[in-house]
Amino acid sequence: MDKKQLDLFRDGEQRTVAITGISGMVGVYLKKHFIKKGWKVRSIKRGHLEDKGALLSILSEADVVINLAGENVGMGRWTEKKKDRIYQSRIGVTSALVEVLNDLKMEPKIFISASATGYYGSDAGDVENEECMAGKDFLAKVCVDWEKEAQKYQKGRVVITRFGAILSKEGGLLKKLLLLGKFCLGGVIGSGNQMLSWISIEDLTSVISLCIENEDIKGAINVTSPNPISNKELTRLMSKKLSRPLLLRMPEFLAKLFFGEKADALLLSNQSVMPKKLEDVCFTFRHKTFKELL
């Protein structure tokens, strides 16, 4: 670790991290991680964002701020009201946060703000690095505007973490797949050829730590395994792992009928997003392949 890094983590001093969205799956996992490291963890709640004094008090203590706030995109049908909540819960929260951060006299050195591989669009195909163009669908627009707000932080280093599908046995996609698999459900969706870019919760946590410790990491970074997996192969591995046939195949038209616009964005999305910046710094993945994760 170089001197610049030691300036932030010197002499075993207790550090403080402030986190929005701490009650979500990622927030809960990160909270446990930082507490284990001996850090003080402050939660930024919705009420704090509406009270500038309270927000100033929390942020003025923080060495690191991590922004995970956002309406769950996987829950419920995408009505216009739902889409507005998805948008406002990300852009509005980030804007309020950055406004106060820029007013601080003793500002945090690092601001890490979540985004997603949805930035590249649901039909992105091969995404070789973080410089690839943004998509044009709804989630891509959300991510583009979300990142623009985060980049308005002027007083410290900004890191934008473009998460792939986050896999954990504690929640999210993997937990749902395991549950469906136990009942021989959760088969191939559509053609099954669409690629999923993913990251394990353990590797995500390690990436967050790396972003904090390495001052050379700034701007957008793809937080994905270097081995995306097709829906067909994922289904095959799940079936083998659970020793059960996964029988419920869902044709593309049926997925669109049941889930509407959300089907294209989440179930039928085709993305092979490479973690170029992580590979450049020789990041070691705990779960490099989906098979290893299972």
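Please read these numbers as outputs of a predicted model, since none were measured by experiment. (Residues numbered from 1 in each chain as written. Predicted model: local features only at pLDDT ≥ 70, side-chain atom pairs only at ≥ 80, totals over all residues. Heavy atoms only, no water.)

1. Considering the nonpolar core
When a protein is soluble and globular, its nonpolar side chains tend to lie buried together. Test applied: Only buried residues count toward a nonpolar core, which is a set of Ala, Val, Leu, Ile, Met, Phe, Trp, Tyr and Cys residues joined through side-chain atoms within 4.5 Å. Relative accessible area decides the class of each residue, using a 1.4 Å probe on protein chains only: under 20% of the type maximum gives buried, over 50% gives exposed, and in between gives partly exposed. Each helix corresponds to a stretch of at least 4 residues labelled H or I by DSSP, and each strand to a stretch of at least 2 residues labelled E; elements are numbered beginning at the N terminus. By the convention used here, residues are in contact when the closest approach between their heavy atoms is within 4.5 Å.
With 40 residues, the main nonpolar core has Ile19, Phe34, Ile66 and Ile208 as its most contacted residues. When residues in this core are grouped by element, the largest group, 7 residues, is from helix H8 (residues 201–213). Once residues lying within four places of it in the same chain are set aside, the contact partners of isoleucine 66 are Val17, Ala18, Ile19, Thr20, Leu30, Phe34, Ile112 and Ile208. Core analysis: the next-biggest nonpolar cluster, separate from the first, contains 21 residues, Ala69, Val93, Leu101 and Phe111 among them.

2. As for the packing of aromatic side chains
The criterion, for reference: Stacked, tilted and edge-to-face are the three classes applied to pairs of Phe, Tyr and Trp rings, where Trp contributes its six-membered ring and a pair requires centres within 6.5 Å; stacked means planes under 30 degrees apart, edge-to-face means over 60, and tilted covers the rest. Charge-over-ring placement is defined geometrically: NZ (Lys) or CZ (Arg) within 6 Å of the ring centre, and within 35 degrees of the ring normal.
Counting across every chain of the model gives 6 aromatic pairs. Ring centres of phenylalanine 111 and tyrosine 153 lie 5.8 Å apart, and the angle between their planes is 80°; on these two criteria the pair is classed as edge-to-face. With phenylalanine 111 in strand S4 (residues 110–116) and tyrosine 153 in the loop between helix H6 (138–150) and strand S6 (157–163), this pair connects stretches of sequence that are 42 residues apart. Tyrosine 153 gets classed as buried once you look at its relative accessible area, which sits at 3%. With a centroid separation of 4.8 Å and 90° between ring planes, the pair formed by phenylalanine 283 and phenylalanine 285 is classed as edge-to-face. Of the two residues, phenylalanine 283 and phenylalanine 285, neither departs from the other in class, the shared state being buried. When the ring centre of phenylalanine 138 is taken as origin, the NZ or CZ atom of lysine 83, which lies over that ring, is 4.9 Å away. Residue placement shows arginine 90 over the ring face of tryptophan 146; its charged tip is 5.1 Å from the ring centre.

3. Some points on the pattern of salt bridges
Note the cut-off: Salt bridges, as used here, are contacts in which a Lys or Arg side-chain nitrogen is within 4 Å of a carboxyl oxygen on Asp or Glu.
Under the defined criterion, the tally for this structure stands at 15 salt bridges. Ionic pairing is found between glutamate 80 and lysine 83, a salt bridge with its closest N-O pair at 3.8 Å. In this pair, glutamate 80 and lysine 83 are both assigned in helix H5 (residues 80–101), 3 residues apart and thus about one turn of the helix distant. Lysine 83 sits in the buried class, given a relative accessible area of 14%.

4. Points about the environment of lysine 37
With respect to the helices and strands, the residue lysine 37 is situated in the loop between helix H2 (25–36) and strand S2 (40–44). With 23 residues separating them along the chain, lysine 37 and glutamine 14 place their C-alpha atoms 9.1 Å apart.

5. Here we look at the confidence of the model for the protein
Selection rule: Each residue gets a pLDDT score, which is the predictor's confidence in that residue and runs from 0 to 100.
Summary statistics for the protein give a mean pLDDT of 90 and a share of 94% for residues scoring 70 or more. Ranking the elements of the protein by mean pLDDT puts helix H1 (residues 3–8) last with 43 and strand S10 (residues 219–223) first with 98. Taken as a whole, residues 1–6 scores under 50 in pLDDT and shows 6 contacts with residues more than four places along the chain or in a different chain.

6. Notes on the sheet that holds S4
Strands in a sheet are paired, the pairing made by backbone hydrogen bonds, and the direction either parallel or antiparallel. Filter applied, for reference: At least two bridges found by DSSP between two strands are what make those strands a pair. Every angle, taken between N-to-C directions, lies between 0 and 180 degrees, and every axis is a line fitted to C-alpha atoms, over only the stretch in contact when it is a helix.
Pairing is parallel in the open sheet, where 6 strands are placed in the order S2-S1-S3-S4-S6-S10. For this open sheet the edge positions go to S2 and S10, each flanked by a neighbour on one side alone. In this sheet, neighbouring strand axes are inclined to one another by 20° on average, regardless of whether the strands run parallel or antiparallel. Here S6 runs beside S10; their pairing, made up of 5 bridges, is parallel. Note on S10: the bridge partner recorded for phenylalanine 163 is valine 223. On top of the sheet, H5 reaches strand S1 (16–20), S2, strand S3 (64–67) and S4; it is set at about 165° to S3, its chief contact. This element, H6, spans S3, S4 and S6 of the sheet and lies at about 175° to S4.

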